Amino acid sequence: MSQKNAQQNAVLELWEMLLRYRWRFILPAFAVTLGVLGMSLLLPRKYNSEAMFERRTDMVLTEMTAKGATRNFQDPRNSLVEEITGHRAVDELISQIEPELQKIGMIRSELDRQVLRTNIIRGTIVHWDIATGPLDRVRVEYVSPEPKVAKLVVNGLVRNYIKRTQDSMDLRLKESADFFMAEVTSNRTTIDGLETRLLEFEINNGDLLPESANSVQERLGARETELQDVKALRDAATVRARNLKNAIAQTPETIPETITAPNPELTRLNDKYRTLTEQLSHFTHVLKMKPAHPDLISLQQRVDDLQSVIDKTDATIVAEERHMTNPKLAELELQYTNAIGDEEALTRQIEVVGSQVKTMASQTGNMFPVRSEYRKLNRQLDQAQRQLAFWEDNLRRVDMTLAAETGNRGIQMDFVKPGGIGAKPVSPNVAQVMMAAIGLGLIAGALSVFFAHRTDESFASGDELAQAFDLPLLGTVSELISRQHRKVRRARNIILYPTNALLMAAVLIAMAAVLYLDLEKPDVLAGLKAKASWVFQMPTVEASDDVTTDPQQMD
């Protein structure tokens, strides 16, 4: 609480001090504020002009064309400031606008030229409103005491940069076209050489290629299968010849031949059987004998006995026996001769097929290196064809870009907003001047009050006097003034001081208004000045009119 009371007491003391020395505060503050505002009217004016342009980048064309240019096709943003405000760009600009600058008196000597060059290099500001890959919107600003100079500088810098960029794009496109044409020619030569090598390789190693319709592997497999089949046939022929040889060894050279003739005994028995059968038929059909008749039974018994004898009797009998050559032996010998011939033919075929299999097996050992080389040639040919297609596509696009009338050179430059003549100055700034005037006025008033308080040796109260001389205070007497003096003081407090305050406020407001019009509305101020001069000239004009228009008075 004591600290809070101390602060309150300090504030009250400061307020009392300010009230006591109020005119010591008001007059210096007024004088300094008025002086700052007046000095601001005399400060040199600076005018700002800004120009805006857009740079649209075709990323595909840019990256494609960058492969053939002598340097990177897309300029980095950190070099844009150097290209716009660099020494070469500023020298080029000054040489272009120097005649106009000489007309307005900006360049009278080489020193003026160097000063202007330095000011342009240091004072030109480049901002990016939009900074993306495909689009850059750049704003160029310059501040100059002459608004026309600021306009000439920003517009000239931007136009020169756009022209240099377009010329550079054209040059790089031509370099890229030449580069792509050289690459296309080189790749075509490479493809012709690879195709010739590939054709010679296919002619020399046609059987070993994987795409061959009758490759060595297929023929080797067929020959090996054929060899196994021939060996199986040869083994079968060998076994058959061995079996036939054994059969010939076991077969006799001659065989007995028996000549047969019909058995006369059988003929006699058949005749007798026929006679008994006829007799039996006669007994049954003609004589109508019953089966139980003894003669029929006896005759039937004789027929059955004769039938059994006939069945046991041979039909033929050996009439003559003799020996003859065995025909089976001749057949076996013929088969054996054929088997031996087949065996020898198959053996020779096995030898031929075996030699072919060995030859193909030796060729198969070279098949993998040959196929590897063949695939390598094919890969090189495919890669060369892809590269040729890539360079031809790039060359076609560059040719189309060079022939296009749209101006698409990978980077399109568009002067969006040319710089104009500034209607009002950007320096000094109204808000800054006002703040500076008020701040300096307050500081001056505060310093005046501080020094007045420090140099004041009078006592404002009895307590201060008693404390200063270490005397007891018995009482105080108020100020003794006369009635006339009191009236004067009252009139001063009621009339003079407010009038002075109003006059000072009016002067400050008028000065601030003039400064505002001069900095923010110079056209309005110029119009007011023109009207004022016209008003002041009116009486003179009217008087001259009266004198010159009355011929009688002239006479």
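Please read all numbers here as calculations on a predicted model, not as lab measurements.

Cut-off values and rules
Here, residues in each chain are numbered from 1, in the same order as that chain's written sequence. Where totals are concerned, whole chains, interfaces and linings use all residues; where local detail is concerned, this predicted model gives features only for residues with pLDDT of at least 70, and gives and counts side-chain atom pairs only at 80 or more. As a rule here, side-chain values cover all heavy atoms of the structure and leave hydrogens and water aside. Strands here are runs of E lasting at least two residues and helices are runs of H or I lasting at least four, both read from the DSSP assignment and numbered beginning at the N terminus. Type-normalised accessible area, obtained with a 1.4 Å probe on protein chains alone, sets the label of each residue: buried when under 20%, exposed when over 50%, and partly exposed for intermediate values. Throughout, a contact is declared for two residues whenever any of their heavy atoms are within 4.5 Å. Areas reported here follow the Shrake-Rupley algorithm with a probe of radius 1.4 Å; residue values treat only the protein chains shown as occluding. Each patch groups residues whose relative accessible area exceeds 30% and which form no salt bridge, using 9 Å between like charges and 5 Å between nonpolar side chains of Val, Leu, Ile, Met, Phe, Trp and Tyr. Within this document, salt bridges are pairs made up of a side-chain nitrogen of Lys or Arg and a carboxyl oxygen of Asp or Glu, the two lying within 4 Å of each other. Counting rule applied: Lys, Arg positive; Asp, Glu negative; His and chain ends not counted. Here the site of a charge means atom NZ of a Lys, CZ of an Arg, CG of an Asp or CD of a Glu. What pLDDT reports is the predictor's confidence in each residue, on a scale of 0 through 100. Between rings of Phe, Tyr and Trp, where Trp is taken as its six-membered ring, a pair exists when centres lie within 6.5 Å; planes separated by under 30 degrees are stacked, by over 60 edge-to-face, and by other angles tilted. The term polar contact refers here to a pair of N or O atoms within 3.5 Å; inside protein, the definition further demands a hydrogen-donor-capable atom paired with an acceptor-capable atom, and it admits residues adjacent in sequence only when both atoms are side-chain atoms. Note on method: axes are straight lines fitted to C-alpha atoms, helices fitted across the in-contact stretch only, with angles between N-to-C directions ranging 0 to 180 degrees. Roughly parallel covers angles under 35 degrees, roughly antiparallel covers those over 145, roughly perpendicular covers 65 to 115, and oblique covers all other angles. The sense of a crossing depends on the near helix, which, turned anticlockwise from the far helix by less than a right angle, makes the crossing left-handed and, turned clockwise, makes it right-handed. Classification used: nonpolar for Ala, Val, Leu, Ile, Met, Phe, Trp, Tyr, Cys and Pro, charged for Asp, Glu, Lys and Arg, polar for all others including Gly.

Asker: Help me understand the overall build of the protein, please; the structure alone is not making it clear to me.
Answerer: A count of helices and strands for the protein gives 17 helices and six strands. Burial statistics for the protein: of 555 residues in total, 28% are counted as buried. Long-range pairs, those at least 24 residues apart, make up 83% of the contacts in the protein between residues at least 6 apart in sequence. Accessible surface, the protein: about 36,300 Å² in total, of which carbon and sulfur atoms supply 57%.

Asker: Sorry if this is basic, but what is going on with a positive patch on the surface here?
Answerer: A grouping of Lys103, Lys148, Lys151 and Arg159 is seen on the molecular surface, where their side chains present a positively charged patch. Top contributing element to the positive patch by residue count: helix H7 (residues 147–204), with three residues. Here Arg159 lies in helix H7.

Asker: Can you help me understand the confidence of the model for the protein in this one?
Answerer: Note that predicted coordinates carrying low pLDDT should not be read in detail. Looking at the protein, pLDDT values average 78 and 83% of them are 70 or higher. The secondary-structure element of the protein with the lowest mean pLDDT is helix H17 (residues 551–554), recorded at 36, while strand S3 (residues 135–144) shows the highest, at 89. Note on residues 540–555: pLDDT is under 50 here. Beyond four places in sequence and across chains, it has three contacts.

Asker: How do you make sense of the packing of aromatic side chains when you look at a structure like this?
Answerer: Aromatic ring pairs are described here by two measures, namely the spacing of the ring centres and the angle between the planes. Overall, the coordinates contain six aromatic pairs when judged by the stated rule. With centroids separated by 4.9 Å and ring planes inclined at 65 degrees, the aromatic side chains of Phe390 and Trp391 adopt a geometry described as edge-to-face. The exposure class of Phe390 is partly exposed, given its relative accessible area of 36%. Site record: aromatic cluster; members linked through ring pairs are Phe179, Phe180, Phe390 and Trp391.

Asker: Would you explain the side chain of Arg55 in this entry?
Answerer: Within the fold, Arg55 resides in strand S1 (residues 47–57). Polar contacts involving the side chain of Arg55 include one to the side chain of Tyr161, which spans 2.9 Å.

Asker: Please explain the packing of helix H5 (residues 87–103) against helix H6 (residues 110–123) as it appears in this structure.
Answerer: If you want to describe how two helices pack, look at the angle between their axes and the distance between the axes. Where H5 meets H6, the axes come as close as 10 Å, and the angle between the chain directions of the two elements is 130 degrees. Judged on the interaxial angle alone, H6 and H5 are oblique. With respect to the hand of their crossing, H5 and H6 are arranged in right-handed fashion. Across from His87, Val90, Asp91, Leu93, Ile94, Ser95, Glu98 and Leu101 in H5, the residues of H6 making contact are Arg113, Leu116, Arg117, Ile120 and Ile121. When grouped by side-chain class, the residues that make up the contact of H5 with H6 number seven nonpolar, two polar and four charged.

Asker: I would appreciate a short explanation of a nonpolar patch on the surface in the present structure.
Answerer: On the surface, a nonpolar cluster with roughly 500 Å² of combined accessible area is contributed by Leu440, Ile443, Leu447, Phe450 and Phe451. With respect to the helices and strands, Ile443 occurs in helix H13 (residues 430–455).

Asker: Just to check I follow, could you spell out the environment of Leu528 for this structure?
Answerer: With respect to the helices, strands and loops of the structure, Leu528 is situated in helix H16 (residues 522–549). We classify Leu528 as partly exposed; its relative accessible area is 43%. Along the sequence, Leu528 and Leu517 sit 11 residues apart, while their C-alpha atoms lie 10.0 Å from each other.

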